[in-house]
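# Structural overview
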Amino acid sequence: MFYREVLITIAAHSLAPRGVIRPVDIYLDDPDHWIIVMEKADGDVSHLLEDPDTLNKFHQAGAVAGRPIPEIIIREIYAQPIMAIYLMNKAHITHRDIKNENLLYSCSGGPCRVMIADFGFSTLTDAELMTEPFCGTPYVLPLCMLNGSYGNRNHRRTMDVYGIISSIHVAASYEGKLKASTPEKLTDSTTLVSKKEMSSKASVLEEKEKMSFLSTVVQKGKGVLRYWKGGAFVKRPISDELKAIFKAVLIQENWEPNPKTIGQLIPLLHSWAHAPLLGGPLLTSL
Ligand SMILES: Nc1ncnc2c1ncn2[C@@H]1O[C@H](COP(=O)(O)OP(=O)(O)OP(=O)(O)O)[C@@H](O)[C@H]1O
Ligand SMILES: [Mg+2]
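Quantities reported herein were computed from a predicted structural model and do not represent experimental measurements.

## Remarks on the environment of Lys 57
Residue placement: Lys 57 occurs in helix 3 (residues 52-58). For Lys 57, the contacting residues outside a window of four places in its chain are Cys 107 and Cys 112.

Okay, here's the thing in structure tokens:
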């Protein structure tokens, strides 16, 4: 690990101790190489979505294999990382690779926690954010970044917001076996490191655009999430409050001219936190 990753992990954890993986010890291996010992989590959220028994530890809402994950459980999972991103972004730390694979969960020895990990692409200051090469993972990046307008300061600053909301969308549109039954292209989450490399992936991205959340339309009707699966659109009921968040962030026309910070989303997040989902409102931290 490079020094900067160690430094930012420690800084982020001190800002948001409950929502960031806990560094336990660090060693200097050689001048360029550090070793960090971190708390051991039970796994990452991409695997959690496939595990109904553990999902039910977040809230006894009756998650069942192969069925949509109850929204109340989704709300529980993402509350801590949302708060951590809010605190980090306020302190000008940008993670730049927020996705379910980099959110770790732990349900051992107390209430379940979800923590942000993998600060390998993160930046500590706005100056760094603008000078560091662009990076991220295509399926959790807005189209405006993928199509080359990623130099925009506002877009860069808000990529964590897009990352966490699209991760929530992955959870909301998750069905058992989704991964196994989709083409390889959809599950390719290759990290983008340069514009050149990005353009060579254009056709993959076009395909993703059709298949993944990038093409999601939140229907005009009430409380329905519409997403592409297996050659057809699938509809799933979600709360109006969650739909409003997806609309504000994932719909390009709403996002591109005015990308949102978590701070700007607080009224919507607050409404979602107190929405009367099955089992009643649980979150008071947002
Ligand atoms: N502290 C931890 N406790 C439990 N699992 C962890 C921990 N750190 C990482 N993992 C698991 O290892 C995976 C990869 O870790 P991490 O995201 O830190 O590295 P990475 O740079 O993304 O590596 P790679 O891209 O090769 O997967 C995570 O998605 C998670 O499943
Ligand atoms: Mg990772």
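Read on, since the account is not over.
## A look at the packing of helix 8 (residues 159-172) against helix 13 (residues 240-250)
Two elements in contact, helix 8 and helix 13, have axes whose closest approach is 10 Å; the angle formed by their N-to-C orientations is 135 degrees. With respect to helix 13, the axis of helix 8 lies oblique. Helix-helix and strand crossings are classified by hand; for helix 8 and helix 13 the assignment is left-handed. Facing helix 8, whose interface residues are Val 161, Tyr 162, Ile 165, Ser 166, His 169 and Ala 172, helix 13 presents Leu 242, Ile 245, Phe 246, Val 249 and Leu 250. Grouping the amino acids of the contact of helix 8 with helix 13 by side-chain chemistry returns nine nonpolar, two polar and no charged.

## So, the confidence of the model for the chain
Predicted confidence across the chain gives a mean pLDDT of 78, with 74% of residues reaching 70 or more. Considering only residues more than four positions removed or in separate chains, one finds that residues 177-200, a stretch of pLDDT under 50, has 28 contacts. Low pLDDT (under 50) marks residues 207-215, which in the prediction has 22 contacts with non-local residues, meaning those over four places away or in another chain.

## What to know about the packing of helix 13 against helix 15 (residues 262-273)
Between two packed helices, both the angle of their axes relative to each other and the distance between the axes serve to describe the pair. Packing of helix 13 against helix 15 brings their axes to within 8 Å, and their N-to-C directions diverge by 155 degrees. Overall, the two elements helix 13 and helix 15 adopt an arrangement that is roughly antiparallel. Considering the relative orientation of helix 13 and helix 15, their crossing is left-handed. Across the interface between the two elements, Glu 241, Leu 242, Ala 244, Ile 245 and Ala 248 of helix 13 pack against Leu 265, Leu 268, Leu 269, Ser 271 and Trp 272 of helix 15. Residues belonging to the contact of helix 13 with helix 15 are distributed by class as follows: eight nonpolar, one polar and one charged.

## With respect to the site of ligand 1
Contacts to ligand 1 come from Ile 21, Met 38, Lys 40, Ala 41, Gly 43, Asp 44, Glu 101, Asn 102, Leu 104, Ala 117, Asp 118 and Gly 120. Residues that form the shell around ligand 1 fall into these classes: five nonpolar, three polar and four charged.

## Considerations on helix 8
In a regular helix each residue adds 1.5 Å, so 14 residues correspond to 20 Å; helix 8 covers 20 Å between its end C-alpha atoms and thus fits that length. For helix 8, a buried count of 14 out of 14 residues is recorded, marking the element as mostly surrounded by other parts of the structure.

## Focus: the sheet that holds strand 4 (residues 103-106)
The strand order 3-4-5 describes an open sheet built from three strands, whose pairing is antiparallel. Every other strand in the sheet has two partners, leaving strand 3 (43-44) and strand 5 (113-116) as the edge strands with one partner each. Note that strand 3 and strand 4 share two bridges and pair antiparallel. Looking at strand 4, one finds that Asp 44 is bridged to Leu 104. Those strands touched by helix 4 (residues 71-90) are strand 4 and strand 5, and its axis lies near 35 degrees from that of strand 5.

## A short note on helix 15
Because an α-helix packs 3.6 residues into every turn, residues spaced three or four apart end up facing the same way. Its 12 residues give helix 15 an end-to-end C-alpha distance of only 14 Å, which falls more than 12% under 16 Å, the value for a rise of 1.5 Å per residue. What helix 15 keeps buried is the set Ile 262, Leu 265, Leu 269 and Trp 272. Each buried residue of helix 15 sits inside an arc of 60 degrees when the element is viewed along its axis, so together they form one side. Looking at the buried residues of helix 15, the elements they touch are helix 4, helix 8 and helix 13.

Cut-off values and rules
- Residues numbered from 1 in each chain as written.
- Chains lettered and ligands numbered in written order.
- Predicted model: local features only at pLDDT ≥ 70, side-chain atom pairs only at ≥ 80, totals over all residues.
- Helix = DSSP H or I, 4+ residues; strand = E, 2+ residues; numbered from the N terminus.
- Contact = placed C-beta atoms within 7 Å.
- Axes fitted to C-alpha atoms, helices over the stretch in contact; angles between N-to-C directions.
- Parallel < 35°, antiparallel > 145°, perpendicular 65-115°, else oblique.
- Left-handed = near helix turned anticlockwise from the far one by under 90°.
- Nonpolar A, V, L, I, M, F, W, Y, C, P; charged D, E, K, R; others polar.
- pLDDT = per-residue confidence, 0-100.
- Near = placed C-beta within 6 Å.
- Expected span 1.5 Å × (residues − 1).
- Buried ≥ 20, exposed ≤ 12 C-beta atoms within 10 Å, placed from the backbone.
- Pairing = 2+ DSSP bridges.
- Arc of directions from axis to C-beta.

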